[in-house]
Structures are given as C-alpha cells and as structure tokens.
Amino acid sequence: MVNTENKKTIGPASSASAQKQIDQANSAFWNELCGTQLAQSLGITDDSMESLRRFDEWYMDFYPYLETHIPFQSFSGQKVLEVGLGYGTVAQRIADSGAIYSGLDIAAGPVAMANRRIAETNAKGTAVRGSILDAPFPDAAFDYVVAIGSLHHTGALDRALREVHRLLKSGGGATVMVYNGTSYRQWVLSPFKTLRRKMSDPARYVSHNETDERMRRAYDANAAGSGAPQTEFAARAELAYLARDFARCDITAENIGAESILKYLSRPTACRLFGPYLGLDLYCKLVK
Ligand SMILES: C[S@@+](CC[C@H](N)C(=O)[O-])C[C@H]1O[C@@H](n2cnc3c(N)ncnc32)[C@H](O)[C@@H]1O
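Here is what the cut-offs are and how they apply
Each residue is numbered by its place in its chain's sequence as written, counting from 1. Predicted model: local features are reported for residues with pLDDT of at least 70 only, side-chain atom pairs are reported and counted for 80 or more only, and whole-chain, interface and lining totals are derived from all residues. Residues of type Ala, Val, Leu, Ile, Met, Phe, Trp, Tyr and Cys that are buried and joined through C-beta atoms within 7 Å form what is called a nonpolar core. Put simply, a residue is buried when 20 or more other C-beta atoms lie within 10 Å of its own C-beta and exposed when 12 or fewer do; between those, it is partly exposed, and each C-beta is set from the backbone. Residues are defined as contacting one another if the C-beta atoms placed from their backbone atoms lie within 7 Å. For each residue, a C-beta atom is positioned from the backbone; the residue is called near a molecule or strand if that atom sits within 6 Å of it. Ten residue types, Ala, Val, Leu, Ile, Met, Phe, Trp, Tyr, Cys and Pro, are classed as nonpolar, four, Asp, Glu, Lys and Arg, as charged, and the remainder, Gly among them, as polar. Two strands qualify as a pair provided that DSSP identifies no fewer than 2 bridges between them. A helix here means a DSSP run of H or I that spans at least four residues, while a strand means a run of E at least two residues long, and both kinds are numbered starting from the N terminus. With strands facing away from the observer, any crossover in which the path from the first strand over the helix to the second runs clockwise is taken as right-handed. In this analysis, the expected span of each helix is defined as 1.5 Å times one less than the number of residues it contains. Along the arc lie the directions from the helix axis toward the C-beta atoms.

Draft legend 1. Structural detail: the nonpolar core. Counting residues in each nonpolar core, the largest one holds 64 residues, and the members touching the most others are Val145 and Val178. For Val178, the contacting residues outside a window of four places in its chain are Leu151, His152, Leu157, Ala234, Leu239, Leu282 and Cys284.

Draft legend 2. Summary view of the site of the ligand. Residues in contact with the ligand amount to 24 residues; listed here are only the nearest, Trp30, Cys34, Gly84, Gly86 and Ser150. Considered class by class, the residues forming the shell around the ligand number 13 nonpolar, 9 polar and 2 charged.

Draft legend 3. Region of interest: the pairing of strand 3 (residues 125-129). Examined bridge by bridge, strand 2 (residues 100-105) and strand 3 share 5 bridges and lie parallel to one another. From the neighbouring strand, Ser102 faces strand 3, where its bridge partner is Thr126. In this fold, strand 2 hands off to helix 7 (residues 108-121), which returns the chain to strand 3; that crossover is right-handed.

Draft legend 4. How the structure looks around unusual backbone geometry. A positive phi is found at Ala140, a non-glycine position, where the angle reads about 55°. Within the secondary structure, Ala140 is located in the loop between strand 3 and strand 4 (142-148). You can call Ala140 partly exposed: it has 13 C-beta atoms within 10 Å. Phi at Ser260 takes a positive value of approximately 50°, unusual for a residue other than glycine. Counting through the fold element by element, Ser260 comes out in the loop between strand 6 (248-254) and helix 13 (267-278).

Draft legend 5. Inspection of helix 2 (residues 16-29) at higher detail. For helix 2, with 14 residues, the first-to-last C-alpha span of 20 Å sits near the 20 Å given by 1.5 Å per residue. Those residues of helix 2 lying buried are Gln19, Ile22, Asp23, Asn26 and Phe29. An end-on view of helix 2 places all buried positions within 130° of arc, on one side of the element. In this structure, helix 2 carries Ser17, Lys20 and Gln24 as exposed residues pointing more than 90 degrees from its buried face.

Draft legend 6. Region of the structure containing the pairing of strand 1 (residues 79-83). Counting buried positions over the 5 residues of strand 1 gives 5, a clear majority of the element. Residues Lys79, Leu81 and Val83 of strand 1 are buried on one face, and the alternating residues Val80 and Glu82, pointing to the opposite face, are buried as well. As defined by bridge partners, strand 1 adjoins strand 2 across 5 bridges and the pair is classed as parallel. If you follow Lys79 over to strand 2, its bridge partner there is Ile100.

This is the structure:
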C-alpha cells in the first residue's frame, strides 16, 4: 500500500531532476569509501585481502551487535541484497555465509570493492551500481535485505523503505539501520529541533535533508572535512510509521560515540549503559 501523503518530500528531493542532483552528489561523495579514514588510522594503505581482513576484524569488533541484528547464520542459499556497501565488511560476511549475494550502491568505489572481495573469495554474487530509490531488481526478488546506514542518505527515506518492501518476498526480512533522531547527540547539538521531533505526530513525517551541515558532518565526513550531502534523522516512532507496510517492525537503539565526557568511558560500557536509550543508530528488524 502506498500512502500518497507520505510521498511528498520537502526541499531538494521534490522533483525528479532534483533527485538526480542528489544522486550525483551522493555518488561523488561516497566514491571515497566510507571507512577510508578509519583504514588509514589503522595503518591500512592497500586493498590486499590481508589488509581488508584487518579492517573487517576492527569493524566487527567495534560494532559487535551487528552479529545479533543481521542473521548471517540463516543466509546460506538465500538471496540477500545489501544496500549501501562502503568498505565491504558486511558484504564479505554475507557472501561468506553462503548467501547468493547482491549489492547495490549509488557510487562506483563501493561497488568495485564488493566485487573485488567476492571475486577473491569465490563467493556467489555480484554488486551493481544504482539507487535504492529505483532499484534494478524485480518485485519479490530477495529473501532478505540488509541496509546499514544507507537509506537515510538517499534524500527519500520513505521511498527507500517502500522499495525495500517491494523487493522482498512475502515473509522475507530486512535489517535496516537509520540514524536516531532523538539520540544523545541530537539532544546536545540541537535540543529544540529534537524536542519538536520527539513531540511530533509521526504520521506527519516527510522526508527531508538535515539543513545543518555541522550536524551531518558529526556523523559522516570525507577526507576534505565535508559532511555527507544528504542525511535524514528519524525518531523511533517516525521510523515505525515509515515502515508501516511491513507485517513486523522491531526497533533497537545502539552505538555511543566518544565525544566530550564520553571519552572517559570504555566503549562497551557506554554502549551497554546508554545505547538502548539514547544510541546514535536505530536498528530496525522488518518482516514483510
Ligand atoms: C555511510 S555509508 C555505509 C556503508 C556500509 N553499509 C557501512 O556501514 O559501512 C552509506 C552508503 O550508502 C550508499 N548510498 C547513498 N545513497 C544511495 C542510494 N540512493 N542507493 C544506494 N546506495 C546509496 C553510499 O554510496 C555509501 O556507500
């Protein structure tokens, strides 16, 4: 079911040509693989499989809860689509699990990285360039969709979630991570906007780009120090509303950064104490 009220977007994404500009800005920005600066800080300067393995180990250690939110162990023989590939750690885990892997990304760099990993490990599947707003796959093509930190960059989170729904078989599942619009960082950097978001009627949600570049930069910045061109933050209730076409939607908050006084806490402690209430990311488990 498509709700026409919810199709309306404000600002730049309100026409096809504006969406094309967003897509172009995204494919330029994300061509620098998300995780590049992290890789450099780990001393990784090449893309040998040994270096990628080191990167992946760090990534899965830093986000240990990915193992609970993404059912890798049930993927063998399943058709799994990943949306938004970055450095390819999750692509590698999905492909290694025996799934028939498909990857989709708006930028060339992440697609090349995922395909290189698949070729090197003789896994099944391929990644292609394209947008989740208009995905190049037929209806009900997949058993599972994984989208970690990608749909909120498209310029149209509502439309992206409807496309995930279209792509899933009946009874299929998805793990979608979207930035939490009422996390501690939102309360600190933008308390009035966060209060309005918390109090607002989720049914009135319209997709929008965060206008404050400083806020976008606090989440994703490239080597030149610019923030991602598009970032949309959603509160729990808003995300549940956007996912209303799914039969099931369970949302869990995770992830605490290391800014300000948080740097005095160990990451596991901070994530355990505050993650479920004020975490930066919302993990949404969906069933069609
Ligand atoms: C923050 S990165 C996340 C990458 C990876 N999932 C991770 O967690 O490290 C966002 C990814 O979403 C991709 N992306 C942005 N807009 C997209 C769109 N419309 N369709 C598909 N992918 C998109 C970007 O190119 C980028 O690779």
